[in-house]
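Here is how the chains run, residue by residue.
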Amino acid sequence: MSYPFLSEFDIIFAGGGSTACVVAGRLAACDPSLRILILEGGQHTLNKAAHVQPYQYFIHQAPTSTTMTINVGNPSPHLNGRAPIVHCAHCIGGGSSVNFMNYTRSPASDFDDWGVDGWESKNLIPLMKKVETYEVQADRPTHGYNGPIKVSSGGWKMGISEEFIRVGMKYHKRRFSDDSNDLETCNTYTHMRRYIDGTTGMRSDAAHHYVYNQAHNPNLQIWVGKHVKRVIFEDKHAVGVEFTDDPVSCPDAGQSSSIVRASKLVVVSAGAFGSPAILERSGIGAEAILKRCDIQQLVDLPGVGENYRLRDHNIVFSPYFAADGAITMDPLWRGEENVIQEHLARWKSNRKSLIAQNGNDAKIKWRPDDEELKVMGSTFEPRWKEFFQDRPEMAVAILTVFAGYLGSGDLPPRNYMTAEITTLYPASVGSVHIKLGEDGKEDIDFTTGFLDDPSDIVPLNFGYKKLREIGRRMPSYRGEVAAFHPPFPEGSAAVCGEATGPADLNAPDIIYTAEDDEAIERFHRDTMQTGWHSLGTCAMKSRADQGVVDARLNVYGVTNLKVADLSIVPKIVGTNTYSTALLVGEKAAMIIAEDLGIKCRP
Ligand SMILES: Cc1cc2nc3c(=O)[nH]c(=O)nc-3n(C[C@H](O)[C@H](O)[C@H](O)COP(=O)(O)OP(=O)(O)OC[C@H]3O[C@@H](n4cnc5c(N)ncnc54)[C@H](O)[C@@H]3O)c2cc1C
């Protein structure tokens, strides 16, 4: 069948997020004559303050935001009947333009675990180095010093973070290390590094650092506000892409379709939600899923949309009151104009002020010791033994604190700090597919899997208590914001409330009763949320094992079609995932350059 094509490119990217920008940018730089088109549903981010000024990251979560879209999961009994919500990015640069900018990397062994030819850590470490300019310390063997993405300590030291490290080391009895992102160190208190350029004080995103910096190349085109419906095939050879105006970022535009032709390759790079949806709309997926949407099957690939590691990292935030004199992000996040102007003026003169901060300066990639494991009990034991015990480089969770209130509640204008636990390798797995809604329009059939596996809630429950013990010993502590903590029964020693100052470092721990523990568990099932690290829905595995792409990112059963984004990740990684998206982008660029015979710098 032939179609009228609007125009023709060599390579078309369906989705213009973190990974797509890396691949497109690298390929365009290698061969400026390559005609590349990025089709992105969201809008441009070029030089927009909301994207380049680090402190503004949280505004993208606002209910009216158009730079993020909301995916509503199916209600789950493991979340007390709640329908969980997972945001994903919707703009050029994708997650890299809206994320929290925290720099972490997984242990090298995570990649060896994938068991995919060519993706072993020894092959990937040179690419991890190629990505970054590590401004924090010189001459570290696993870090890079010439890459486009700048990693720094951020624009301002937060006293609350120093307190967290100091108290954590003493109370929690762990060492300090100056780098827990060296691909093996964990279980040490350390500073959080950020994807913030130490010289410009700006966000280090994939859009500005891989594609916007090549605006002089007319062959690298970015079309925004374009929603990719499906890939067009001739026989089973991908030849182009069909798209409409994006209903979120262009709500008033018509919905008529256009088609662009790709002479060399179509790359689906729409993230863990967008990519499986595009494949399914193109007839690639499980028969039952396609049939219910009246889509003719082109390739039987039941792994599309499965393996959802939204199993992603599970997060719980717990806010505390902080001392009046503490320096926090609160005045900026509340929009206090005089404080914003003061910090903007400093930032403009020397690029160092709270404008260049995300408020999150300290962490531990925590791994329980024997005593802690005993307290965590038998529900976690099988998971520990099977997965963590013999792998000292693997942490169970990241424990951290933000200097400021990170949440959507309307709180009085005071100072806050927010403790956060992010579990790194939850066992539950979900899925995401398209379906037809009651109105006949496309909808999402999304099972998060959150807390399905009984072992997944244990570190959250334990981590809540540990963070509270650390928090209440920090000099800036002034009590818990009770509305966002478990509602402990009246009279319990665990009841939350304001305090006049911190507890003594040697004070006894709070004793929790069985009823208190139930309150914590219920609270976590009611409130735990995504870590925004969705991945795995077009997994790079064998076809027999529900894989969707092979080791060279080719979609099984068709030609000329690759997937390049975090949907290809076959097994969960123990890290905030921007580092993995950048890595997948660099690897994908190499693979595509080799396939097309383009010579690139190694
Ligand atoms: C709120 C938030 C906070 C985060 N914080 C951190 C952090 O601090 N540190 C860290 O390391 N990681 C963080 N991450 C994770 C990291 O940013 C993501 O894992 C990463 O950006 C994912 O890259 P990707 O290329 O797979 O997808 P994305 O970057 O999400 O890109 C997918 C793109 O495809 C577009 N798209 C989807 N469907 C279509 C369609 N049909 N047509 C056209 N375009 C489409 C989307 O609009 C999006 O721009 C965070 C993510 C979020 C959302």
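Residues numbered from 1 in each chain as written. Predicted model: local features only at pLDDT ≥ 70, side-chain atom pairs only at ≥ 80, totals over all residues. Heavy atoms only, no water.

A short note on the packing of aromatic side chains
So, point 1. In this structure the tally under the stated criterion is 31 aromatic pairs.
So, point 2. For the pair Phe100 and Phe402, a centre-to-centre distance of 6.1 Å together with 90° between the ring planes defines the contact as edge-to-face. On the criterion of sequence distance, the pair formed by Phe100 in the loop between α3 (95-98) and β5 (102-103) and Phe402 in strand β18 (residues 397-402) is long-range, its members being 302 residues apart.
So, point 3. Relative accessible area serves as the criterion here: at 11%, Phe100 is assigned to the buried category.
So, point 4. Exposure remark for Phe402: the relative accessible area of 0% places this residue in the buried category.
So, point 5. Look at Phe100 and Trp532: their rings are 5.0 Å apart centre to centre, the planes differ by 45°, and that puts the pair in the tilted class. One end of the pair, Phe100, is in the loop between α3 and β5; the other, Trp532, is in the loop between β23 (529-530) and β24 (561-563), with 432 residues separating them in the sequence. (Phe/Tyr/Trp six-rings, centres within 6.5 Å; stacked < 30°, edge-to-face > 60°. Helix = DSSP H or I, 4+ residues; strand = E, 2+ residues; numbered from the N terminus. Buried < 20%, exposed > 50% of the residue type's maximum accessible area, 1.4 Å probe, protein only.)

Looking at the UniProt feature "domain: Glucose-methanol-choline oxidoreductase N-terminal" (unreviewed entry) in the chain
So, point 1. With numbering aligned to this structure, UniProt lists the feature "domain: Glucose-methanol-choline oxidoreductase N-terminal" (unreviewed entry) at residues 271-285.
So, point 2. Strand forms 13% of residues 271-285 and helix 73%; the C-alpha atoms that close the span are 17 Å apart. (UniProt positions renumbered as here; feature names shortened; annotations may be inferred.)

Looking at the packing of helix α1 (residues 18-30) against helix α16 (residues 578-596)
So, point 1. In contact at an axis separation of 8 Å, α1 and α16 are set at 35° when each is read in the N-to-C sense. Seen along the crossing, α1 lies across α16 with a hand that is right-handed. Packed against α1, whose contacting residues are Ser18, Thr19, Val22, Val23, Arg26 and Leu27, the element α16 presents Tyr578, Ala581, Leu582, Val584, Gly585, Glu586, Ala588, Ala589, Ile592 and Ala593 at the interface.
So, point 2. Of the residues belonging to the contact of α1 with α16, the class tally is 11 nonpolar, 3 polar and 2 charged. (Axes fitted to C-alpha atoms, helices over the stretch in contact; angles between N-to-C directions. Left-handed = near helix turned anticlockwise from the far one by under 90°. Contact = heavy atoms within 4.5 Å. Nonpolar A, V, L, I, M, F, W, Y, C, P; charged D, E, K, R; others polar.)

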